[in-house]
Amino acid sequence: METVLNIQNVTKYYGPLKALDNVSFDVPEKSVFGILGPNGSGKTTMLSIILDVLKATNGTYLWFGKPSTHEDRKQIGSLLETPNFYHYLSAYNNLKITQSISGRGSEDEIAEVLKKVKLHERQHSKFNSYSLGMKQRLAIAAALLGSPKVLVLDEPTNGLDPVGIAEIRELILELRNNGHTIIIASHLLDEVEKVCTHVAILKTGHLLTSGPVEEVLIDDDIVELGALNLNKLAEILKLIAKNVSIDSKQQMVNITIPKGSAKLEELNQYCFDHGVVLNHLVIKKKRLETKFFELTNN
Ligand code: ADP
Ligand code: MG
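Residues numbered from 1 in each chain as written. Chains lettered and ligands numbered in written order. Predicted model: local features only at pLDDT ≥ 70, side-chain atom pairs only at ≥ 80, totals over all residues. Heavy atoms only, no water.

Q: Hey, could you run me through the overall build of the protein chain in this one?
A: Across its full length, the protein chain holds eleven helices and 13 strands. By principal-axis analysis of the C-alpha atoms, the protein chain measures approximately 75 × 45 × 35 Å. Here the protein chain holds 298 residues, and the buried ones make up 47% of them. Within the protein chain, counting contacts between residues at least 6 apart in sequence, those at least 24 apart form 68% of the total. Of the accessible surface of the protein chain, which amounts to about 15,000 Å², a share of 50% is contributed by carbon and sulfur atoms. Of the charged side chains in the protein chain, 33 are positive and 35 negative; the average position of the first set lies 3 Å away from that of the second. (Helix = DSSP H or I, 4+ residues; strand = E, 2+ residues; numbered from the N terminus. Buried < 20%, exposed > 50% of the residue type's maximum accessible area, 1.4 Å probe, protein only. Contact = heavy atoms within 4.5 Å. Areas by Shrake-Rupley, 256 points an atom, 1.4 Å probe, with all protein chains shown as cover. Lys, Arg positive; Asp, Glu negative; His and termini not counted. Charge placed at Lys NZ, Arg CZ, Asp CG, Glu CD.)

Here it is in structure tokens:
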């Protein structure tokens, strides 16, 4: 698969503050690439650099295998900050203005991008009558003008309610199916997990890990066990497993074991032999959120 963006040893200082420290990773064509990390980890700084809004202190990046030119940049649609739309104008007229100022796409495309983000039925309503989710989708529509190969979105679900978040997620999946490569920065791991094919995880400017989601995130399985006496269950599991934790809300004990090595019959027998009768025993894949928490907390 071709590389759309290649980031090499990017470092960024703001005065004495090191916001990015020697970060390198590749974004493959047609991926949904999540740049993940808590607030302040350097995500927006990285996006600003690759979009030529900020200059890196050190390091380079290549779009489509070469230093970016004005022409190449037309292949990249971005949503870095919420654009300033005119509140009293309709979605359609707002995009007409965006289109003529940016020179991206043509006027004929406006109806098409509004359809893509499912705003065509409301295209003649005033911007200030829109919900936050609709405003955000209009911003994505603006980024889609000129049908760029790549979309760069900074925290596209920020401030949205669950319905709005689900709409953006669906939109991202559709765009991916249409062949776009999508780069998303987000601190909302749970949401990103559902759409990303690849991730890079940042913490205070350091790259912790990057690669395909299934490689980065799932190197352990979690086994959930339940019994009447959770404390005793945890006690005996501590003798044979690592990361034994009691989830008192769910009334369960979780343990992690290397991927593919959990033998439920043996575990069940072991607990029984040690005087604990299980009422629940399930293997779960480790979730991105769990992994992210582990990565960013040590
Ligand atoms: P994120 O998008 O992951 O929340 P940012 O890239 O916005 O992170 O910020 C990374 C770090 O750089 C933070 O410590 C932030 O306070 C700092 N920072 C960001 N922009 C500036 C700036 N213009 N001047 C000084 N420090 C900044
Ligand atoms: Mg940010």
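The structure having been displayed, the exposition proceeds.
Q: I'm lost on the pattern of salt bridges in this one. Help?
A: Opposite charge on two side chains allows them to pair when their charged atoms are near. Per the stated rule, a full pass over the model turns up six salt bridges. Between Asp21 and Lys18 there is a salt bridge, with the nearest N and O atoms lying 3.3 Å from each other. Accessibility expressed as a relative area gives 36% for Lys18, which makes it partly exposed. For Asp52, the salt bridge goes to Arg73, with nearest N and O atoms at 3.0 Å. Pair noted here: Asp52 is in the loop between α1 (43-50) and β4 (58-63) and Arg73 is in helix α2 (residues 70-73), with a separation of 21 residues, a long-range link. (Salt bridge = Lys/Arg side-chain N within 4 Å of Asp/Glu carboxyl O.)

Q: How should I be thinking about the site of ligand 1 in this particular structure?
A: The environment of ligand 1 is made up of Tyr14, Leu17, Ala19, Pro38, Asn39, Gly40, Ser41, Gly42, Lys43, Thr44 and Thr45. Ser41 has a polar backbone atom sitting 3.1 Å from an oxygen atom of ligand 1. With respect to ligand 1, the side chain of Thr45 contributes an N or O atom lying 2.5 Å from an oxygen atom. In the complex, the protein chains occlude 57% of the 560 Å² of accessible area that ligand 1 would expose alone. Going through the elements one at a time, β2 (17-28) and α1 are the ones with two or more residues in the shell around ligand 1. For the shell around ligand 1, the per-class residue count stands at four nonpolar, six polar and one charged. (Near = heavy atom within 4 Å. Polar contact = N/O pair within 3.5 Å; in protein donor to acceptor, adjacent residues only side chain to side chain. Nonpolar A, V, L, I, M, F, W, Y, C, P; charged D, E, K, R; others polar.)

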